Amino acid sequence: MEVTARAPGKIILAGEHAVVHGYTAVASSIDLYTVFSIRLRSEDDDIVKLKLNDIGLDFSWSVRRIKEVLSHLGSPFSSTPTSCSLETIKSLATLVDEQSFPETKIGLASGVYAFLWLYTSILGFKPATVTVSSELPVGAGLGSSAAYCVSLSAALLALSDSVKLDVSQKGWSTFNESEAELVNKWAFEGEKIIHGKPSGVDNSVSTFGNVIKFKSGVMTRVNSNMPLRMLITNTKVGRDTKALVANVSARKSRHPDAMCSVLNAIEAISDEWSTIIQSHAVDDLYLSANEEKLGELMEMNQGLLLSIGVSHASIENVLQTSMKYKLASKLTGAGGGGCVLTLLPTHISGEVIDKLVEELGSFGFQSFTAGIGGKGVQISFDHSS
Ligand SMILES: Nc1ncnc2c1ncn2[C@@H]1O[C@H](COP(=O)(O)OP(=O)(O)OP(=O)(O)O)[C@@H](O)[C@H]1O
Ligand SMILES: C[C@@](O)(CCO)CC(=O)[O-]
Ligand SMILES: [Mg+2]
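Because the structure is a prediction, the values reported are computed rather than measured.

Q: Mind showing me how you'd approach the overall build of the protein here?
A: The helix and strand tally for the protein stands at 11 helices and 12 strands. Its C-alpha radius of gyration of 21 Å places the protein within 12% of the 21 Å reference for a compact globule of 385 residues. With respect to the three principal axes, the spread of C-alpha positions in the protein is 65 × 50 × 40 Å. When burial is assessed residue by residue, the protein has 54% of its 385 residues classed as buried. A fraction of 77% describes how many contacts in the protein between residues 6 or more apart in sequence connect residues 24 or more apart. For the protein, the accessible area works out to roughly 16,100 Å², and carbon and sulfur atoms hold 52% of it. Looking at charge distribution, the protein has the averaged site of its 33 positive side-chain charges lying 3 Å from that of its 40 negative ones.

See below:
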């Protein structure tokens, strides 16, 4: 039997970075998924194979070697979500180094550590073949790390004794609330390995889907009543969430009062965002007034993100280009490159969008739209082999 789990990426509508410091963010899932498949091998196979299709890397460890390297942890492991210690990360790095990780891709190694931690913690030392592929750009602000950790945790839990699912179900099915909560908690432990200090917003929106508000580790569902449309532009400038989050924290400790004011302002923007999208448009006039307000909030949020040091020349280029078309934009996710959101109001014509996309394309950027909202993590079972 093969277990497959898929988890969506996300856009942060308002409040990235501020949310790491306990201020509110508003985020939505998008209909682009990361998919993990796990097929258990026979016990005497002694191999865990990991195929990372998006980054073109394959790994193969003998179970015996994994056990040996992690022997200091003792086993069986805890069935409740547990953090990976620094000492254990060093052991996991040994396992990855033994597979001669290419130097040019070393920034991706933390995802393999997260894999090994979640795999051994949830499933123990079972031999298996594991494959991951994603519709999300990796490391571009659309929550690829969270979708990776959520889909991996879901597939592993589906094979563990911690979750009792009906494996005879056909097609995609969802977890109940407490199972989803467990998936989310394990995914957060994986995100910690990749991000350093994640707020938890990305894994929560990937697990539960739809639009959420998130503050100090607490998620509230937001009932969006607005037909939101965003153009997502990938600047293709590589960046690393962990480093950007650390830079913001360093700036906060250098200028605590100024940063506190900025983060408070961002929180006010997030709160207004959630109020506006929950309101019911009584007519077209009301809708376009609300769209205008959201555009202004995005401009203000972007200005504040610039002031905390997470914008980038490529992001500013997208902002200026979309401004020529009177459209508001802001970076989404950690910034420093990656993706930018441009609000597409309902009145805007297809020709204008095409022109904008073409102009953005002339800088080497790639623009696309994605469905906003929608289901969180899902699971399916294939009995054909
Ligand atoms: N499909 C994937 N295959 C392998 N590794 C992945 C995949 N998706 C995510 N990762 C891991 O996640 C890391 C990227 O996470 P990072 O948090 O920097 O970016 P992001 O999650 O896309 O953006 P943001 O956190 O701003 O939303 C990669 O370096 C890799 O370790
Ligand atoms: C930059 C950040 O706020 C969002 C990344 O998508 C980090 C986090 O919340 O963990
Ligand atoms: Mg991430």
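Q: Please clarify how the site of ligand 2 should be interpreted in this entry.
A: With respect to spatial proximity, 14 residues lie near ligand 2, and among them Lys-10, His-17, Pro-198, Ser-199 and Asp-202 are the closest. Note that an oxygen atom of ligand 2 is positioned 2.6 Å from one of the side-chain N or O atoms of Ser-199. Protein contacts shield 98% of the accessible area of ligand 2, which totals 300 Å² for the unbound molecule. Where the shell around ligand 2 is concerned, the elements lending two or more residues are strand S1 (2–14) and helix H6 (201–208).

Q: Please explain the pattern of salt bridges as it appears in this structure.
A: A side chain of one charge can pair with a side chain of the opposite charge if their charged atoms are brought near each other. Under the counting rule described, the total for this entry stands at 12 salt bridges. The salt bridge partner of Asp-45 is Arg-41, with a shortest N-O separation of 3.0 Å. Residue class for Asp-45 comes out partly exposed when judged on its relative accessible area of 34%. Taking relative accessible area as the criterion, Arg-41 reaches 26% and is therefore assigned partly exposed.

Q: I tried to follow a negative patch on the surface on my own but got confused; where do I start?
A: Taken together, the side chains of Glu-272, Glu-292, Glu-296 and Glu-299 define an acidic patch exposed on the protein surface. Ranked by the residues each element gives to the negative patch, the list is headed by helix H9 (residues 284–307), at 3 residues. Here Glu-299 shows up in helix H9.

Q: I would appreciate a short explanation of the coordination of the magnesium ion (ligand 3) in the present structure.
A: Taken together, Ser-145 (OG) and His-195 (NE2) make up the protein donors of the magnesium ion (ligand 3), found 2.1 to 2.2 Å from the metal. Taken as a pair, Ser-145 in helix H4 (residues 144–159) and His-195 in helix H5 (residues 177–195) lie far apart in primary sequence, 50 residues in all. In terms of burial, Ser-145 and His-195 fall into one category: buried.

Q: For this particular structure, what's the right way to read the domain arrangement of the protein?
A: By a widespread convention, an interface's size corresponds to the accessible area lost as its parts come together. Annotation of the protein at the domain level lists domain 1 (2–220 + 373–382) and domain 2 (228–369). Opposite the 31 residues of domain 1 that make contact, domain 2 presents 36 residues. Note on domain 1 versus domain 2: buried area summed over both sides is about 2,500 Å², and carbon and sulfur give 64% of it. A per-residue breakdown of the area domain 1 buries against domain 2 is headed by Leu-13, His-17 and Tyr-23, which together make up 27% of the total. Applying the counting criterion to the domain 1 and domain 2 interface returns 3 salt bridges. Note that Lys-215 is salt-bridged to Glu-267, the shortest N-O span being 2.9 Å. Run the count over domain 1 and domain 2 and you get 13 residue pairs in polar contact (both at pLDDT 80 or more). Of all the elements in the fold, those that place two or more residues in the side of domain 1 that touches domain 2 are S1, strand S2 (25–40), H5 and strand S6 (211–215). The biggest single contributor to the side of domain 1 that touches domain 2 is S1, with 5 residues. Residues belonging to the side of domain 1 that touches domain 2 are distributed by class as follows: 17 nonpolar, 9 polar and 5 charged.

Q: Explain the pairing of strand S3 (residues 47–52) here, please?
A: By the alternation rule, side chains of S3 split into Val-48, Leu-50 and Leu-52, which are all buried, and Ile-47, Lys-49 and Lys-51, of which none is buried. In the sheet, S3 pairs with strand S4 (residues 57–62) via 6 bridges, with the strands oriented antiparallel. Bridge pairing links Leu-52 to Leu-57 in S4. Connecting S3 to the next strand, S4, in antiparallel fashion are 4 residues, including Gly-56 with a positive phi near 65 degrees. Sheet topology note: the S3/strand S5 (residues 128–134) ladder contains 5 bridges and is parallel. In the sheet register, Lys-49 faces S5, and the bridge partner there is Thr-129.

Q: Looking at this structure, how should I read the UniProt feature "domain: GHMP kinase C-terminal" (unreviewed entry) in the protein?
A: In the UniProt entry, the feature "domain: GHMP kinase C-terminal" (unreviewed entry) is given for residues 292–353. Secondary structure over residues 292–353 splits into 52% helix and 13% strand, and the C-alpha atoms at its two ends are 17 Å apart.

Q: Help me understand unusual backbone geometry in this model?
A: Most peptide bonds are trans, and most residues other than glycine sit at a negative phi. We note that Asn-210 has phi near 60 degrees; this positive angle belongs to a residue other than glycine. Within the element layout of this structure, Asn-210 appears in the loop between H6 and S6. With phi around 65 degrees, Lys-236 is a residue other than glycine that occupies positive phi space. Within the fold, Lys-236 resides in the loop between strand S8 (230–234) and helix H7 (241–254). The class for Lys-236 is exposed, based on a relative accessible area of 54%.

Q: When you look at the site of ligand 1 in this model, what are you seeing that I'm missing?
A: Around ligand 1 there are 25 residues in total, and Lys-10, Gly-143, Ser-144, His-195 and Arg-239 lie nearest to it. Between an oxygen atom of ligand 1 and a main-chain N or O atom of Gly-143, the distance comes to 2.8 Å. Ser-145 places a main-chain nitrogen or oxygen 2.9 Å from an oxygen atom of ligand 1. Look at ligand 1: alone it shows 640 Å² of surface, and the protein chains cover 96% of it. If you list the elements that add at least two residues to the shell around ligand 1, you get helix H3 (109–123), H4 and H5. If one sorts the elements of the shell around ligand 1 by residue count, H4 sits on top with 3 residues. Each residue belonging to the shell around ligand 1 can be placed in one class, and the counts come to 9 nonpolar, 12 polar and 4 charged. Each of domain 1 (2–220 + 373–382) and domain 2 (228–369) accounts for three or more of the residues forming the shell around ligand 1.

Analysis parameters
Residues numbered from 1 in each chain as written. Chains lettered and ligands numbered in written order. Predicted model: local features only at pLDDT ≥ 70, side-chain atom pairs only at ≥ 80, totals over all residues. Heavy atoms only, no water. Helix = DSSP H or I, 4+ residues; strand = E, 2+ residues; numbered from the N terminus. Rg over C-alpha atoms; globule rule 2.2 N^0.38 Å. Buried < 20%, exposed > 50% of the residue type's maximum accessible area, 1.4 Å probe, protein only. Contact = heavy atoms within 4.5 Å. Areas by Shrake-Rupley, 256 points an atom, 1.4 Å probe, with all protein chains shown as cover. Lys, Arg positive; Asp, Glu negative; His and termini not counted. Charge placed at Lys NZ, Arg CZ, Asp CG, Glu CD. Near = heavy atom within 4 Å. Polar contact = N/O pair within 3.5 Å; in protein donor to acceptor, adjacent residues only side chain to side chain. Salt bridge = Lys/Arg side-chain N within 4 Å of Asp/Glu carboxyl O. Patch = residues over 30% accessible without salt bridge, like charges linked within 9 Å, V, L, I, M, F, W, Y side chains within 5 Å. Donors = N, O, S within 2.8 Å, 3.2 Å for Na, K, Ca; no water. Domains from an automatic or database assignment. Buried area = accessible area lost by both parts, 1.4 Å probe. Nonpolar A, V, L, I, M, F, W, Y, C, P; charged D, E, K, R; others polar. Pairing = 2+ DSSP bridges. UniProt positions renumbered as here; feature names shortened; annotations may be inferred.

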